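Next come the chains, spelled out residue by residue.
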Amino acid sequence: MAPDPRRWRALALVCVAFFMVILDVAIVNVALPSIQKDLNLSRDTLQWIVTAYSLAFGGFLLLGGRAADLLGRRRVFMFGMVLFTAGSLACGISNSGTALIIFRALQGLGGAIVSPATLAIISDAFRHDIAERNKAFGIWGGVAGSGAAAGVLLGGVLVEYLGWSWIFFVNVPVGIAIFALAPTLISEGKVEGADRRVDALAAILITTGLVAFVYAMSKAPSDGWLSLQTLGLTAVAIVLVTAFFWKEARTDAPLVPLYLFRIRPVFVANAVGVLLGATIFGGFFLLTLYMQNILGYSPLEAGFAFLATAGMTIPGAAIAQAVVTRAGVKPVMATGTAFLAFAYLWYTQLPVDGHYWTNLFVPFVISGFGLAFIFIPMSLAALSRVEDRIAGVASGLLNTSQQLGGALGVAVISSISNERASRLADGGSISVADITGGYRWGFAVAAIFALGAVGVAWFVLRRDDVPPAAIQSHGPAE
């Protein structure tokens, strides 16, 4: 069968869609102080604008990937674009924190459907030529990296000159154009002869359980770690997550084959993914607030400041890719997590009167290199001992781990930061110094997450878990 003549145009279309989804993870961070002020949100409520998206995105990502394979990739892709675009429009016109949080969750659900469908569409369109397929995956991976970098800068520009609503409105015309072009550029594509059951209940169980747990953790610093609410919600979360695993073990069409967790490099990659997501999402959340609320940066200045981290991931990735083929996955991953831990320990010393070049630039650069040194070996570990037929599931599982870790990290780090600021105020009005002190506590928690990732990478993963042949045959984009 001849290659699809539309494949490169289809690649361009789905990469634009994926870029939007990745962009929306980063673009909101810079707008948080403006949203808080405009909608009069409490510091506790603000975190859920980030967390709602991450929970919905991570909780339904595996369901979205299975639906794309079984129900038709183009159909599922277009449905996800409708949800994402409608959620973006609704977010832009929201006039309350509650409405914005709900529609952010709708955006996340749309992203969870679009994201795995894009990879499945690329895989199907380029199935006739391995070299072209690898090149297409490389482009797709590059889009993922550039989306995060562009998000912080574009978010700053839009908030500075048009207002925070435009970080959502910008998705609407692009989403409509993608929906209109999809039928002419993308083939339907579905796995023939496969079991057509889609276990939506499993996705609902795991997502609901994680929401209960994240909410319990977000309230625990103020309500008490042993309070009835914390213990009760944690118990509900345990029951729901246990029900998810019980159901997955007894179905012929699971969202994720549970034996994947018995493969040590896969387990390590996902454990590091959870801790990495918690560190980065929670840390970026606090850094945005510190730069704008404490140092007085404008949204545009904060966006440019973050480029020191985003920009370092590109040269860092080139170095990491060269080193990992010689030294192996374990030392590179351990080095990257150590870089990240060092950066967040540095942030625990941020002062009220801090300066960019003195207090932020060096840890921004170090964390950028650290991320590159983590992502490449983490991707290799997640896929190295997995059969090709479930490589997509393993990749989706890794993305899910990072998103759910991010949701937990934002909730815990933000809540501890707010609780410590209130304690430092000792019943009086909260000062800038109190808020900064709270941020330092939050960064300390982020550093603990990063140090946990160092421990998992160094003590759990073995040097021979990812053989050299696997490193040569898998690329970071896959």
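Note that the structure is a prediction, hence the values are computed from the model and not measured.

Section: the overall build of the chain
Argument step 1. Assigned secondary structure in the chain consists of 16 helices and zero strands.
Argument step 2. Against the globule reference of 23 Å for 478 residues, the chain gives a C-alpha radius of gyration of 21 Å, in line with a compact fold.
Argument step 3. Dimensions of the chain, computed from C-alpha atoms along their principal axes, come out at roughly 70 × 50 × 45 Å.
Argument step 4. Counting only carbon and sulfur atoms, one obtains 67% of the accessible surface of the chain, whose full area is about 19,100 Å².
Argument step 5. Between the mean site of the 30 positive side-chain charges and the mean site of the 26 negative ones, the chain shows a separation of 5 Å.

Overview of the packing of helix α1 (residues 7–39) against helix α4 (residues 97–125)
Argument step 1. Taken N-terminus to C-terminus, the directions of α1 and α4 make an angle of 160°; their axes are 9 Å apart at the nearest point. It follows that α1 is roughly antiparallel to α4 by the angle criterion. Pair α1 / α4 crosses with left-handed handedness. Only Gly-97, Leu-100, Arg-104, Gln-107, Gly-111, Val-114, Ser-115, Thr-118, Ile-121, Ile-122 and Ala-125 of α4 make contact with α1, whose side of the interface consists of Arg-7, Leu-11, Val-14, Ala-17, Phe-18, Val-21, Asp-24, Val-28, Ile-35 and Leu-39.
Argument step 2. The residue inventory of the contact of α1 with α4, partitioned by class, reads 13 nonpolar, five polar and three charged.

Focus: α1
Argument step 1. The terminal C-alpha atoms of α1, which comprises 33 residues, lie 44 Å apart, in line with the 48 Å expected from a rise of 1.5 Å per residue.
Argument step 2. The element α1 is largely enclosed, with a buried count of 24 among its 33 residues.
Argument step 3. One or two steps after α1, the chain reaches Asn-40, where phi turns positive at roughly 55°.

Focus: the nonpolar core
Where a protein is soluble and globular, its nonpolar side chains tend to be buried together.
Argument step 1. If you look at the biggest cluster of nonpolar residues, it comprises 149 residues, and the most contacted ones within it are Phe-77, Leu-287, Tyr-344, Leu-360 and Phe-364.
Argument step 2. Considering every element that reaches this core, the biggest residue donor is α1, with 19 residues.

Examining the environment of Val-172
Argument step 1. Inspection of the secondary structure assignment puts Val-172 in helix α7 (residues 171–185).
Argument step 2. With 80 residues separating them along the chain, Val-172 and Gly-92 place their C-alpha atoms 9.8 Å apart.
Argument step 3. In contact with Val-172, not counting residues within four places along its chain, are Thr-85 and Leu-89.

Notes on the packing of aromatic side chains
Argument step 1. Under the definition given, this model contains 18 aromatic pairs.
Argument step 2. Ring plane angle 65° and centroid distance 6.1 Å describe the contact between Phe-339 and Phe-373, whose orientation is recorded as edge-to-face. Here Phe-373 lies in helix α13 (residues 356–383) and Phe-339 lies in helix α12 (residues 329–347), a separation of 34 residues in the sequence.
Argument step 3. The class for Phe-339 is partly exposed, based on a relative accessible area of 33%.
Argument step 4. Ring geometry for Tyr-347 versus Phe-364: centroids 6.2 Å apart, planes at 70°, classification edge-to-face. On the criterion of sequence distance, the pair formed by Tyr-347 in helix α12 and Phe-364 in helix α13 is long-range, its members being 17 residues apart.
Argument step 5. On the basis of relative accessible area, Phe-364 is assigned to the buried category, the value being 1%.
Argument step 6. Members of the aromatic cluster, each reached through a chain of ring pairs, are Phe-284, Phe-306, Tyr-344, Tyr-347, Tyr-356, Trp-357, Phe-361, Phe-364 and Phe-443.
Argument step 7. Lying across the ring of Trp-458, Lys-330 places its NZ or CZ 4.7 Å from the centre.
Argument step 8. One residue, Arg-420, lies across the ring of Trp-441, its end atom 4.1 Å from the ring centre.

Scoring rules and cut-offs
- Residues numbered from 1 in each chain as written.
- Predicted model: local features only at pLDDT ≥ 70, side-chain atom pairs only at ≥ 80, totals over all residues.
- Heavy atoms only, no water.
- Helix = DSSP H or I, 4+ residues; strand = E, 2+ residues; numbered from the N terminus.
- Rg over C-alpha atoms; globule rule 2.2 N^0.38 Å.
- Areas by Shrake-Rupley, 256 points an atom, 1.4 Å probe, with all protein chains shown as cover.
- Lys, Arg positive; Asp, Glu negative; His and termini not counted.
- Charge placed at Lys NZ, Arg CZ, Asp CG, Glu CD.
- Axes fitted to C-alpha atoms, helices over the stretch in contact; angles between N-to-C directions.
- Parallel < 35°, antiparallel > 145°, perpendicular 65-115°, else oblique.
- Left-handed = near helix turned anticlockwise from the far one by under 90°.
- Contact = heavy atoms within 4.5 Å.
- Nonpolar A, V, L, I, M, F, W, Y, C, P; charged D, E, K, R; others polar.
- Expected span 1.5 Å × (residues − 1).
- Buried < 20%, exposed > 50% of the residue type's maximum accessible area, 1.4 Å probe, protein only.
- Core = buried A, V, L, I, M, F, W, Y, C linked by side-chain atoms within 4.5 Å.
- Phe/Tyr/Trp six-rings, centres within 6.5 Å; stacked < 30°, edge-to-face > 60°.
- Lys NZ or Arg CZ within 6 Å of the ring centre and 35° of its normal.

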